[in-house]
Amino acid sequence: MYATNKRLIILLSTAMALLLSPLIAMMFTTEVDWAIGDFLVAGILLGSTALAIESTLRLVASKRSRFLFVLLIVFVLLLLWAELAVGIFGSIVVGR
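Nothing here was measured: the structure is a model prediction, and the numbers come from that model.

Calculation criteria
- Residues numbered from 1 in each chain as written.
- Predicted model: local features only at pLDDT ≥ 70, side-chain atom pairs only at ≥ 80, totals over all residues.
- Heavy atoms only, no water.
- Helix = DSSP H or I, 4+ residues; strand = E, 2+ residues; numbered from the N terminus.
- Buried < 20%, exposed > 50% of the residue type's maximum accessible area, 1.4 Å probe, protein only.
- Contact = heavy atoms within 4.5 Å.
- Areas by Shrake-Rupley, 256 points an atom, 1.4 Å probe, with all protein chains shown as cover.
- Phe/Tyr/Trp six-rings, centres within 6.5 Å; stacked < 30°, edge-to-face > 60°.
- Expected span 1.5 Å × (residues − 1).

Another aspect to go through is the overall build of the protein. Check the secondary structure of the protein and you find three helices and zero strands. Start at the N end of the protein and walk to the C end: the helices and strands fall as α-α-α. Across the 96 residues of the protein, 20% fall into the buried class. When contacts within the protein are restricted to residue pairs at least 6 apart in sequence, those whose partners lie at least 24 apart make up 47%. Working note: accessible area of the protein is about 7400 Å², and carbon and sulfur atoms make up 72% of it.

Here it is as structure tokens:
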């Protein structure tokens, strides 16, 4: 039981560290300009990804299946992040 809680803490700490990087960058440069909403969306994405990975590691028995599911979760995170950042699928229409 302790090992799974430790793994969850590591996953959530990693998400927090990733979330802190733009905050630190904002202190040193004007090129990074995040609003509170950006931090909230990023926190929700990273937190839910960490929880999804933890759930997968707890529920899936096969190591190969675990790896594939975690890879899929990270891929979906990256797709969502790219869509929110630059609109790679064209879902955000500007000028209408």
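Our next topic: the side chain of T49. Its place among the elements puts T49 in helix α2 (residues 36-59). Excluding residues that lie within four positions of it along the chain, T49 makes contacts with I73 and L77.

Note that T56 resides in helix α2. Ignoring sequence-local partners within four residues, the contact set of T56 consists of R66, F69, V70 and I73.

Counted under the stated rule, the structure contains two aromatic pairs. Ring plane angle 45° and centroid distance 6.4 Å describe the contact between W34 and W81, whose orientation is recorded as tilted. Of this pair, W34 sits in the loop between α1 (2-28) and α2 while W81 is found in helix α3 (residues 63-86), placing the two residues 47 residues apart along the sequence. W34 sits in the partly exposed class, given a relative accessible area of 25%. Every member of this aromatic cluster is reached through a ring pair, and the members are W34, F39 and W81.

The next point concerns α2. The terminal C-alpha atoms of α2 lie 34 Å apart, and with 24 residues this matches the ideal 34 Å at 1.5 Å per residue to within 8%. Inspection of α2 places F39, A42, L45, L46, G47, T49, A50, I53, E54, T56 and L57 among the buried residues, and these make up the whole buried set.

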